[in-house]
Amino acid sequence: MALLATGPVAAEPPSALRQQQLLRMVRQDCGACHGMQLTGGLGPAITPPVLAERGGVALVYATIWYGRAGTPMPPWRGLLTEAEVRWMSQRLVEGLPPEGQP
Ligand code: HEC
């Protein structure tokens, strides 16, 4: 019996616990290069106004997933799932929630 493929299943958003881990990762790992407030360091500022101008979620998603070859910006595929990168990209474009809050 053959089941017809119905196309890709929409990815679940990360769990509440995973969301906290992802936010910590943004602040610590991304912050190490982009600055603790993400206002720039070795890497450029990645605050909401900057990212909106640069191309929004699509640009952020592609940059995190693939990295930027030939620059220190590393790829995160293999470390994070697509759903996690998408969630992280949306949070960055919207602005992170205040620290210590969901
Ligand atoms: C080892 C240093 C380093 C780390 C860690 C790092 N980045 Fe970057 N990132 C860079 C550099 C350098 C660039 C600029 C690349 C270029 O010249 O195009 C960059 C570019 C970007 C851009 C594109 C900005 C633009 O204006 O085009 C985004 C978005 C970004 N990083 C997000 C992140 C996120 C999110 C993380 C954590 C998951 C992260 N980066 C971790 C160094 C880093």
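Note that the structure is a prediction, hence the values are computed from the model and not measured.

Conventions adopted
- Residues numbered from 1 in each chain as written.
- Predicted model: local features only at pLDDT ≥ 70, side-chain atom pairs only at ≥ 80, totals over all residues.
- Heavy atoms only, no water.
- Axes fitted to C-alpha atoms, helices over the stretch in contact; angles between N-to-C directions.
- Helix = DSSP H or I, 4+ residues; strand = E, 2+ residues; numbered from the N terminus.
- Parallel < 35°, antiparallel > 145°, perpendicular 65-115°, else oblique.
- Left-handed = near helix turned anticlockwise from the far one by under 90°.
- Contact = heavy atoms within 4.5 Å.
- Nonpolar A, V, L, I, M, F, W, Y, C, P; charged D, E, K, R; others polar.
- Core = buried A, V, L, I, M, F, W, Y, C linked by side-chain atoms within 4.5 Å.
- Buried < 20%, exposed > 50% of the residue type's maximum accessible area, 1.4 Å probe, protein only.
- Phe/Tyr/Trp six-rings, centres within 6.5 Å; stacked < 30°, edge-to-face > 60°.
- Near = heavy atom within 4 Å.
- Polar contact = N/O pair within 3.5 Å; in protein donor to acceptor, adjacent residues only side chain to side chain.

A. Local environment of the packing of helix α1 (residues 16–34) against helix α4 (residues 82–94). It is at 11 Å that the axes of α1 and α4 come closest, and there the two elements cross at 60 degrees. Between α1 and α4, the angle falls in the class oblique. Crossing angle aside, the handedness with which α1 passes α4 is right-handed. Where α1 abuts α4, its residues Arg18, Gln19, Leu22, Leu23, Met25 and Val26 lie against Glu84, Trp87, Met88, Arg91 and Leu92. Residue classes in the contact of α1 with α4 are distributed as seven nonpolar, one polar and three charged.

B. Here's a closer look at the nonpolar core. Membership of the largest hydrophobic core comes to 18 residues, with the highest contact counts inside it found for Val26, Ile64, Leu80, Val85, Met88 and Leu92. Contributing elements (two or more residues each) for this core: α1, α3 (56–66) and α4. Residues within four places of Val26 in sequence aside, it is in contact with Gly31, Leu38, Met88, Leu92 and Leu96.

C. Region of interest: the packing of aromatic side chains. In total, this model carries one aromatic pair according to the counting rule given. With 6.2 Å between their ring centres and 10 degrees between their planes, Tyr61 and Trp65 make a pair best called stacked. Remark: Trp65 and Tyr61 occur in helix α3; sequence separation between them is four residues, near one turn of the helix. Accessibility assignment for this pair places Tyr61 and Trp65 in one class, buried.

D. Representation of the site of the ligand in the model. If you check the shell around the ligand, you find 19 residues, and the closest are Cys30, Cys33, His34, Arg68 and Met73. The separation between a nitrogen atom of the ligand and a polar side-chain atom of His34 is 2.8 Å. Of all the elements, α1 adds the most residues to the shell around the ligand, at four residues. Considered class by class, the residues forming the shell around the ligand number twelve nonpolar, four polar and three charged.

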